[in-house]
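# Breakdown of the fold
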Amino acid sequence: MSSMLLGKKIGMTRVFTEAGVNVPVTVLQVGPCVVTQLRTVENDGYSAVQIGYGEIKPRNSTMPLIGHDHKAGTTPKRTHREFHVTPAQLAEYTLGQALTLDVLKGLMYVDVTGTNKGKGFQGTMKRHHFKGLFASHGTERKHRSPGSIGSLCSNRGFGGGLVKGKKMAGHMGDVRCTLRNLDIIRIDLENNLLLVKGTVPGANRGTIAIRPAVRLYRSKAKKVVDAAAKAAAAAK
């Protein structure tokens, strides 16, 4: 079943393997998510599943969202997301169905999407890793400045405004990003907890989305193939 789950980031800790290796992990509280809408090609032009996550007081929601979730037989949800499926896969879902960490059982890697921390207005050295001007004699006291931008006023080299995409100072962070191929270290079905190796974008208690890894690195793809081959051999 192709699926996506919503949850929140709890924080980071460590686990020790049987060999005594220290593994840094991020603890994610995932689900349960409720299927709030099924989008079909006939009605919407595409097939997708919409899920809701997180309880919210009705007074803090809106009447359209309250009625939307009521049609699915559930209480108002704080966050709603969609993930695309094929028409054949759409038949595996029903309105009001609860999705838990069971859908990730047997997987080795997942992709985690979140909104990273905002850092406000930053200069070019922090935002784009500029090296700055020379800190030697003859240089004014502006070593962290970006330098001349006059030669990039237009594609022809003169007139008009700056070329789009010019690296300059500006707002940094607070953007949606995805970390791919994170190792699943442990799944706690009783407490809806998922432990993945490494860091996850965003602050603690921030909303994140988890999906099965879409495109594996070569080394990890080989591990998946080897694990499948061992399971098939053990089944015989």
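Since this is a predicted model, take the numbers as computed values, not measurements. (Residues numbered from 1 in each chain as written. Predicted model: local features only at pLDDT ≥ 70, side-chain atom pairs only at ≥ 80, totals over all residues. Heavy atoms only, no water.)

It is worth spelling out the nonpolar core at this point. Core analysis: the biggest nonpolar cluster contains 27 residues, and Leu 28, Val 49, Ile 51, Val 110, Val 112, Leu 194 and Ile 210 have the highest contact counts within it. For this core, the secondary structure elements donating two or more residues are β1 (5-16), β2 (22-30), β3 (33-39), β4 (48-55), β7 (109-115), β10 (176-188), β11 (193-197) and β12 (207-212). Excluding residues that lie within four positions of it along the chain, Val 110 makes contacts with Leu 104, Leu 179, Arg 180, Asn 181, Leu 182, Ile 184, Val 196, Ile 210, Arg 211, Pro 212 and Ala 213. Among the nonpolar cores identified, the runner-up in size contains 5 residues, and Val 15, Val 23, Val 25 and Val 27 belong to it. (Core = buried A, V, L, I, M, F, W, Y, C linked by side-chain atoms within 4.5 Å. Buried < 20%, exposed > 50% of the residue type's maximum accessible area, 1.4 Å probe, protein only. Helix = DSSP H or I, 4+ residues; strand = E, 2+ residues; numbered from the N terminus. Contact = heavy atoms within 4.5 Å.)

With an omega of -5 degrees, the peptide bond between Gly 31 and Pro 32 qualifies as cis. Note on placement: Pro 32 falls in the loop between β2 and β3. Here the phi dihedral of Asp 174 falls at roughly 60 degrees; this positive angle occurs in a residue that is not glycine. Within the secondary structure, Asp 174 is located in the loop between β9 (170-172) and β10. When its relative accessible area of 47% is taken as the criterion, Asp 174 is described as partly exposed.

Let's shift gears to a positive patch on the surface. Residues Lys 117, Lys 119, Lys 126 and Arg 144 make up a contiguous surface patch of positive charge. Within the secondary structure layout, Arg 144 lies in the loop between α4 (124-128) and β9. (Patch = residues over 30% accessible without salt bridge, like charges linked within 9 Å, V, L, I, M, F, W, Y side chains within 5 Å. Areas by Shrake-Rupley, 256 points an atom, 1.4 Å probe, with all protein chains shown as cover. Salt bridge = Lys/Arg side-chain N within 4 Å of Asp/Glu carboxyl O. Lys, Arg positive; Asp, Glu negative; His and termini not counted. Charge placed at Lys NZ, Arg CZ, Asp CG, Glu CD.)

This part covers the sheet that holds β4. Across the sheet, which stays open at both edges, the 4 strands sit in the order β5-β4-β3-β6 with antiparallel pairing between neighbours. Because the sheet does not close on itself, it has two edges, and the strands there are β5 (77-84) and β6 (98-99). Bridge count between β3 and β4: 5 bridges; the pairing is antiparallel. Opposite Arg 39, over in β4, you have Ala 48 as the bridge partner. (Pairing = 2+ DSSP bridges.)

With that out of the way, let us pick up the confidence of the model for the chain. Summarising the model, the chain shows a mean pLDDT of 89, and 94% of its residues fall at 70 or more. Within the chain, helix α5 (residues 218-235) has the poorest average pLDDT of any element, 87, and strand β8 (residues 120-122) the best, 96. (pLDDT = per-residue confidence, 0-100.)

This part takes up the pattern of salt bridges. Evaluation of the coordinates by the stated rule reveals 7 salt bridges. Residue Arg 39 pairs with Asp 44 through a salt bridge whose shortest N-O separation is 3.1 Å. By relative accessible area, which is 30% here, Asp 44 ends up partly exposed. Notably, a salt bridge pairs Lys 77 with Glu 55, separated by 2.5 Å at the nearest N-O pair. On the criterion of sequence distance, the pair formed by Lys 77 in strand β5 and Glu 55 in strand β4 is long-range, its members being 22 residues apart. Counted as one network, the salt bridges with shared partners bring together Arg 39, Asp 44 and Glu 82.

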